[in-house]
Amino acid sequence: MQNSLKGRSLVSLADFSPREIRQILDLSHQVKKEKKEGLVQNRFAGKTLALIFEKRSTRTRCAFETAFGEEGGHPVFLSTQDIQLGSKESIEDTARVLGRMFDAIQFRGFQQEAVVALARYSGVPVYNGLTDVDHPTQVLADLMTIEEEFGRLAGTRLVFVGDGRNNVARALSIGCAKMGVHYSIVSPRSLFPDQRHLENCRSIAKESGAEIRVTDEIGPELSGADAVYTDIWVSMGEEAKSDERLRLLRPYQVNDALMARTGRKDSIFLHCLPAVKGNEVAVETIEGPASRVWDEAENRKHTIKALMLATL
Ligand code: CP
Ligand code: NVA
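The structure displayed is predicted, hence computed values, not measured ones.

### What to know about helix α2 (residues 59-69)
Every buried residue of α2 is accounted for by Arg59, Thr60, Ala63, Phe64, Ala67 and Phe68. Down the axis of α2, the buried side of the element spans an arc of 135°, and every buried residue falls inside it. Where α2 is buried, its residues meet β1 (48-53), β2 (74-79), β3 (104-108), β4 (126-128), α5 (136-150) and α11 (293-311).

### Some points on the side chain of Glu34
In this fold, Glu34 is placed in helix α1 (residues 18-36). Excluding residues that lie within four positions of it along the chain, Glu34 makes contacts with Leu39, Val40, Gln41 and Arg43.

### Regarding the state of the cysteines
What the rule picks out here adds up to zero disulfides. No disulfide involves Cys201; its sulfur sits 9.2 Å from the nearest other cysteine sulfur, which is in Cys176. With no disulfide of its own, Cys272 lies closest to Cys176 among cysteine sulfurs, the gap being 14 Å. According to the relative accessible area criterion, Cys272 is buried, its value standing at 6%.

### Observations concerning the site of ligand 2
For ligand 2, the full set of nearby residues is Leu130, Asn166, Asn167, Val168, Asp231, Ile232, Ser235, Met236 and Leu273. Here Asn166 contributes a side-chain N or O atom positioned 3.5 Å from a nitrogen atom of ligand 2. If ligand 2 stood free it would expose 270 Å²; the protein chains cover 95% of that surface. Of the residues contributing to the shell around ligand 2, the split by class is five nonpolar, three polar and one charged.

### Re the site of ligand 1
Taken together, the neighbourhood of ligand 1 is formed by Ser57, Thr58, Arg59, Thr60, Arg108, His135, Gln138, Cys272, Leu273 and Arg300. Side-chain polar atom of Ser57 to an oxygen atom of ligand 1: 2.6 Å apart, as the coordinates give it. Here an oxygen atom of ligand 1 and a side-chain polar atom of Arg300 are 3.1 Å apart. In isolation ligand 1 exposes 250 Å². Once the protein is present, 95% of that is buried. Classifying every residue of the shell around ligand 1 gives two nonpolar, five polar and three charged.

The rules behind these values
Residues numbered from 1 in each chain as written. Chains lettered and ligands numbered in written order. Predicted model: local features only at pLDDT ≥ 70, side-chain atom pairs only at ≥ 80, totals over all residues. Heavy atoms only, no water. Buried < 20%, exposed > 50% of the residue type's maximum accessible area, 1.4 Å probe, protein only. Helix = DSSP H or I, 4+ residues; strand = E, 2+ residues; numbered from the N terminus. Arc of directions from axis to C-beta. Contact = heavy atoms within 4.5 Å. Disulfide = S-S within 2.5 Å. Near = heavy atom within 4 Å. Polar contact = N/O pair within 3.5 Å; in protein donor to acceptor, adjacent residues only side chain to side chain. Areas by Shrake-Rupley, 256 points an atom, 1.4 Å probe, with all protein chains shown as cover. Nonpolar A, V, L, I, M, F, W, Y, C, P; charged D, E, K, R; others polar.

Printed below as a string of structure tokens:
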């Protein structure tokens, strides 16, 4: 197969063409099937992966570590408590050193500029495992989960309800725009994503035909939705805004009454996790029959493995 992805970094899905995202999703379905059949190979044998974490993680860390390790690779976890980055050493110097020792680098942290600099200076593929403004590997898993459920992406409708300016809401708008998924953000006005980001997504969506919409009205946008998505109200690093967020977002909780507004019996519920049950989602919904959150979490691993197979 012709592969334009070899050697590439995933800083944002904005940098990948719909065809490249399709290639990763196809490979994700394949590696998931292989895993279920016990056909894990040794495709990362002799390779090393640096995993830099400035913020906590369960899914992203475990997906990278297990996907890489079970294929014979050697992942090395580096929290900023352990390495010089951030205290004594710049991101550029860290990138140049790690690039001499590792075949690839994953970064989770605050600044998008940091992951951009790592990709620029390391000379090896760099994967964005979440920043304040993006979470592209999450969106690969979300798209895979929608595709598993409905057999397609183009023309499906995804509605994100909650903190519309957070990393996950923003990353979804890019992924949906690329892949032709109609995407709406339902959020209080003060939490709308910035206009520039929206214009950028709408311009990407011209090619795929996706509609990208934003509203503070909870009802109308949900009608006919294939999937309803929410995320935590207070993202990592924003704890000081906790009281304000809870006050603003209380009416935007995803519960069974909100899910019923889709008017469909087969709509699914998605959440990147971790979830605060009783805040952004009611227990009845996350534990109910529409919830696909555990498949979605598992798909983090398959999509991340596919991303590394395609780029390494
Ligand atoms: N969804 C997600 O990124 O989870 P973690 O924060 O546990 O990695
Ligand atoms: N918006 C959340 C996503 C966690 C996976 C955060 O940044 O904390």
